[in-house]
Amino acid sequence: MRRFLPALVLLSCAVSVATPALVHAQVNQGFTFTWGEGPSGRQQLQYHLENGTPGFMGDRYWLRLGQQKVAINRINITYPDYYSGIIDPSGIEVRIGGNRSNNFFQFRRDPGKKIELAEVSLDRDNRVIDIVPAEVIPAGTTVQVILNNVRNPNNGGMYYFNARIGSPGDIPLMRYIGTWVLSIARN
């Protein structure tokens, strides 16, 4: 047994060095500094990028709004003018409910129920995505917006996507709820 122990140790070290680590692209924002006009820590919203590599075609963004204290009848997302990616308006969907992923393994056991949308518009000139659900989303419901078929910008960078919601009532004002600080970089 003592004769095989050094060989076993060397073999295990070689396997651990040769095996690539399991990495998910852009699972969370990580360690982020905020200053100036940026969002504070409590205003940063959670997100997940399927790939997150510059120039990658067909990426998917999972933008979590979380649970809101008011009902939602409109979702408005603005993105910066230096974001050169291409968003496909036909690939935009909204999901409600579902359970949150396990932070350690990043499994999405239940992504939630896809809801019907009355209108989706993308204004590329003003950099605004406007989403109107067919029915009002009740208060306290977990909400996430999924952007499918996104082509990432050719250059990596940090992009602030701002979220506003509209609630039913007499005054149709949009309410700022937070910012997704998307980081697209080569791994």
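Scroll up a little and you will see the structure.
All values derive from a computational prediction rather than experimental measurement. (Residues numbered from 1 in each chain as written. Predicted model: local features only at pLDDT ≥ 70, side-chain atom pairs only at ≥ 80, totals over all residues. Heavy atoms only, no water.)

(A) Region of the structure containing the overall build of the protein chain. For the protein chain, the count of helices and strands is one helix and 10 strands. Tracing the protein chain from N to C terminus, the helices and strands come up as α-β-β-β-β-β-β-β-β-β-β. Burial analysis of the protein chain (187 residues in total) assigns 37% to the buried set. Roughly 11500 Å² of accessible area belongs to the protein chain as shown, and the carbon and sulfur atoms make up 54% of that amount. (Helix = DSSP H or I, 4+ residues; strand = E, 2+ residues; numbered from the N terminus. Buried < 20%, exposed > 50% of the residue type's maximum accessible area, 1.4 Å probe, protein only. Areas by Shrake-Rupley, 256 points an atom, 1.4 Å probe, with all protein chains shown as cover.)

(B) Geometry of the sheet that holds strand 2 (residues 59–67). In space, the five strands of this open sheet follow the order 1-2-8-4-5, with antiparallel pairing throughout. Of all the strands in the sheet, just strand 1 (47–49) and strand 5 (113–114) have a single pairing partner and so form its edges. Both strand 2 and strand 8 (residues 142–150) contribute to a ladder of seven bridges, which runs antiparallel. Within strand 8, the position partnered with Gly 66 by the bridge is Val 143. (Pairing = 2+ DSSP bridges.)

(C) View of the sheet that holds strand 7 (residues 128–133). Judged by pairing direction, the sheet is antiparallel, and its five strands sit side by side in the order 6-7-3-9-10 without closing on themselves. Each edge of the open sheet is held by one strand with a lone partner, namely strand 6 (117–123) and strand 10 (174–184). For this sheet the average axis-to-axis angle between neighbouring strands, irrespective of direction, equals 15 degrees. As paired strands, strand 3 (residues 74–78) and strand 7 are joined by four bridges and run antiparallel to one another. Bridge pairing links Ile 75 to Ile 131 in strand 7. (Axes fitted to C-alpha atoms, helices over the stretch in contact; angles between N-to-C directions.)

(D) Local environment of the pattern of salt bridges. Summed over all chains, the structure comprises two salt bridges. Among the salt bridges present, the one from Asp 130 reaches Arg 74, with a minimum N-O distance of 2.8 Å. Of the two residues, Asp 130 is situated in strand 7 and Arg 74 in strand 3; the sequence distance between them amounts to 56 residues. Owing to a relative accessible area of 13%, Asp 130 belongs among the buried residues under this scheme. Residue class for Arg 74 comes out partly exposed when judged on its relative accessible area of 28%. (Salt bridge = Lys/Arg side-chain N within 4 Å of Asp/Glu carboxyl O.)

(E) Expanded view of the environment of Gly 156. Among the structural elements, Gly 156 can be located in the loop between strand 8 and strand 9 (157–166). Taking the C-alpha atoms as reference points, Gly 156 and Ala 185, separated by 29 residues in sequence, lie 4.6 Å from one another.

(F) How the structure looks around the side chain of Asn 148. Note that Asn 148 resides in strand 8. By relative accessible area, which is 11% here, Asn 148 ends up buried. At a separation of 2.5 Å, a polar atom in the side chain of Asn 148 contacts the side chain of Arg 60. Side-chain polar atoms of Asn 148 contact the side chain of Glu 93, separated by 3.0 Å. Those residues within four positions of Asn 148 in sequence are excluded, and the remaining contacts are Asp 59, Arg 60, Asp 88, Gly 91 and Glu 93. (Polar contact = N/O pair within 3.5 Å; in protein donor to acceptor, adjacent residues only side chain to side chain. Contact = heavy atoms within 4.5 Å.)

(G) Local environment of the packing of aromatic side chains. One pass over the structure, following the stated rule, counts six aromatic pairs. Ring geometry for Tyr 79 and Phe 161: centres 5.6 Å apart, planes at 25 degrees, overall stacked. Of this pair, Tyr 79 sits in the loop between strand 3 and strand 4 (92–96) while Phe 161 is found in strand 9, placing the two residues 82 residues apart along the sequence. Judged by relative accessible area, Tyr 79 falls into the buried class, the value being 8%. (Phe/Tyr/Trp six-rings, centres within 6.5 Å; stacked < 30°, edge-to-face > 60°.)

(H) Expanded view of the layout of surface pockets. For the second largest pocket, the calculated volume is near 160 Å³. Around the second largest pocket sit Ile 96, Lys 113, Ile 115, Glu 116, Pro 133, Ala 134, Glu 135, Val 136, Ile 137 and Pro 138, which together line it. Its residues assigned to classes, the lining of the second largest pocket shows seven nonpolar, no polar and three charged. (1 Å grid on protein atoms, 1.4 Å probe; cavity = no way out; pocket = protein on both sides within 12 Å on 5 of 7 lines; lining within 4 Å. Points joined across faces, edges and corners; volume = space filled by probe spheres on them. Nonpolar A, V, L, I, M, F, W, Y, C, P; charged D, E, K, R; others polar.)

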